[in-house]
Amino acid sequence: MKFTSAKYLTSVVEESKILKDDMVELAFVGRSNVGKSSLINALVGQKNLAKTSSTPGLTKMINYFLINENFKIVDLPGYGYAKTGQKHIANWAGLMEKYLLNSPNLRTVFVLVDCRHKPSELDKMMLDFLNSYQIPYVVIATKVDKLAKSKIPQACTAISKELQIRRELIMPFSSENGFGKEKLLEYIESVVEG
Ligand SMILES: Nc1nc2c(ncn2[C@@H]2O[C@H](COP(=O)(O)OP(=O)(O)OP(=O)(O)O)[C@@H](O)[C@H]2O)c(=O)[nH]1
Ligand SMILES: [Mg+2]
């Protein structure tokens, strides 16, 4: 699949504004700075559709994008940024939970983890949550351009062990050099059409 058109739709911070239309939705979650917005831009082939920043915690809203006039991708706020307090975490968790449980056309959640780091407790909580509500997900190991190519498979295996999930659920990706992009686009196609 190619993303032939991509448009920003809207940003949402309140439960009542969560979109409920008939279009398939794919969501991207993961800790702050893991590369969610960059991945969306890389898939779309536009530099600034989703706002990226080297300052963690930039995306605080649920951002919806319309792809190929056919389905939506959703850039969710990042979690686990050290400087955000308990109140922020509670707000984040509340909005996230409402989004995940009230989005009838959400087909798959892409959980991003940095290929160089051990998944965090928050990553594990996210997977527990998705498992307990039977929301389908895959894990994307981001920023693999930072590893030697030969080390990418073992980094993915380490992540799958740490998260106690099947190795096939881990997809390596780099927004910087496009590694894994074709596979991810194929996967997205199968989800959207499936
Ligand atoms: N080397 C490399 N850097 C990346 C990659 N993806 C993202 N980055 C960098 O990581 C930083 C954070 O990227 P974002 O895409 O803004 O991360 P995010 O997950 O959307 O962050 P929040 O919106 O804060 O949750 C930026 O400085 C990006 O340039 C990648 O594949 N490789
Ligand atoms: Mg972001």
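Position numbers for residues start from 1 in each chain and track the written sequence from start to end. The lettering of chains begins at A and the numbering of ligands begins at 1, in the order of writing. Per-residue local features are limited, in this predicted model, to residues with pLDDT of at least 70; the limit for side-chain atom pairs, both in listing and counting, is 80 or more; totals at the level of whole chains, interfaces and linings are taken over all residues. Derived side-chain values reflect all non-hydrogen atoms in the structure, with water molecules and hydrogen atoms excluded from consideration.

Visitor: Give a detailed account of helix 3 (residues 121–132), specifying residues and quantitative values.
Guide: Secondary structure is summarised from DSSP: a helix means a run of H or I of at least four residues, a strand means a run of E of at least two, and numbering begins at the N terminus for each. The span expected for a helix works out to 1.5 Å for each residue beyond the first. Taking 1.5 Å as the rise per residue, helix 3 with twelve residues should run 16 Å; its terminal C-alpha atoms sit 16 Å apart, in good agreement. Within helix 3, burial applies to D123, M126, L127, F129 and L130. Buried residues along helix 3 cover an arc of 160° about the axis, so they all sit on one side. Exposed residues on helix 3 whose side chains face more than 90 degrees from its buried face are E121, M125 and S132. Where helix 3 is buried, its residues touch strand 2 (24–30), helix 2 (86–101), strand 5 (106–114), strand 6 (137–142) and helix 4 (152–163). With a side-chain oxygen positioned 3.3 Å from the backbone nitrogen of L122, the residue opening helix 3 is S120. A positive backbone phi angle near 50° is found at Q134, which sits one or two residues after helix 3. Note on classification: 1.4 Å probe, protein chains only; a residue is buried when its accessible area is under 20% of the maximum for its type, exposed when over 50%, partly exposed between these limits. Of all possible arcs, the one meant is that of the directions from the helix axis to the C-beta atoms. Contacts were defined at the residue level, with two residues in contact if any of their heavy atoms lie within 4.5 Å. Polar contact is defined as a pair of N or O atoms within 3.5 Å, subject to the rule that within protein one atom must be able to donate a hydrogen and the other to accept it, and that residues adjacent in sequence are counted only when both atoms are side-chain atoms.

Visitor: Give me the lowdown on helix 5 (residues 181–193), citing residues and values where you can.
Guide: In an α-helix, one turn spans 3.6 residues; hence positions three or four apart end up facing the same way. With 13 residues, helix 5 extends 18 Å from end C-alpha to end C-alpha; this agrees with the ideal 18 Å at 1.5 Å per step. Within the span of helix 5, buried status applies to L184, L185, I188, V191 and V192. When helix 5 is viewed along its axis, its buried side chains cluster within an angular range of 120° and face the same direction. Seen from the buried face of helix 5, the exposed residues on the opposite side, beyond 90 degrees, are E182, K183, E186 and E193. For helix 5, the elements touching its buried residues are strand 2, helix 1 (36–44), strand 4 (71–75), strand 5, strand 6 and strand 7 (170–172).

Visitor: Tell me about the packing of helix 1 against helix 5, and name the residues and values.
Guide: To obtain each axis, a line is fitted to C-alpha atoms, and for helices this fit is confined to the stretch in contact; angles are then taken between N-to-C directions over 0 to 180 degrees. The interhelical angle for the contact between helix 1 and helix 5, taken along N-to-C directions, is 85°, at an axis separation of 11 Å. As far as their axial angle goes, helix 5 and helix 1 are roughly perpendicular. Between helix 1 and helix 5, the residues in contact are L39, A42 and L43 and K181, L184, L185 and I188, respectively. Each angle gets one of four labels, with under 35 degrees taken as roughly parallel, over 145 as roughly antiparallel, 65 to 115 as roughly perpendicular, and the rest as oblique.

Visitor: Provide a residue-level description of unusual backbone geometry, including the pertinent values.
Guide: For N68, which is not a glycine, the phi torsion comes out positive at approximately 50°. Within the secondary structure, N68 is located in the loop between strand 3 (62–67) and strand 4. At E69, a position not held by glycine, the phi torsion is positive, near 55°.

Visitor: With reference to specific residues and values, describe the pattern of salt bridges.
Guide: Take a side-chain nitrogen of Lys or Arg and a carboxyl oxygen of Asp or Glu: if they are within 4 Å of each other, that pair is a salt bridge. On inspection of all chains with the given rule, the structure shows nine salt bridges. Between D21 and K72 there is a salt bridge; the shortest N-O distance is 2.6 Å. Of the two residues, D21 sits in the loop between strand 1 (6–12) and strand 2 while K72 sits in strand 4, which places them 51 residues apart along the sequence. Given the relative accessible area of 27%, D21 is considered partly exposed. Classification of K72 as buried rests on a relative accessible area of 0%. Its salt-bridge partner being R166, residue E168 comes within 3.2 Å of it at the nearest N-O pair. Of the residues examined, R166 reaches a relative accessible area of 52% and is grouped as exposed. By sharing partners, the salt bridges in this structure join K118, E121, K124 and E162 into a single network.

Visitor: How would you explain the packing of aromatic side chains if you had to name every residue and give the values?
Guide: In this description, an aromatic ring pair is defined by two values, namely the gap between the centres and the angle between the planes. Side-chain rings of Phe, Tyr and Trp (the six-membered ring for Trp) are treated as a pair once their centres are within 6.5 Å; stacked means planes under 30 degrees apart, edge-to-face means over 60, and tilted covers the remaining angles. Tallied over the full model, the rule gives five aromatic pairs. Between F3 and F71, the ring centres sit 5.8 Å apart and the planes meet at 75°, which makes this aromatic pair edge-to-face. On the criterion of sequence distance, the pair formed by F3 in the segment before strand 1 and F71 in strand 4 is long-range, its members being 68 residues apart. Considered together, F3 and F71 belong to a single accessibility category, that of buried residues. Geometrically, the ring pair formed by F28 and F110 is stacked, given 4.9 Å between the ring centres and 15° between the ring planes. In this pair, F28 sits in strand 2 while F110 sits in strand 5, placing the two residues 82 residues apart along the sequence.

Coordinates in, geometry out; function isn't part of it.
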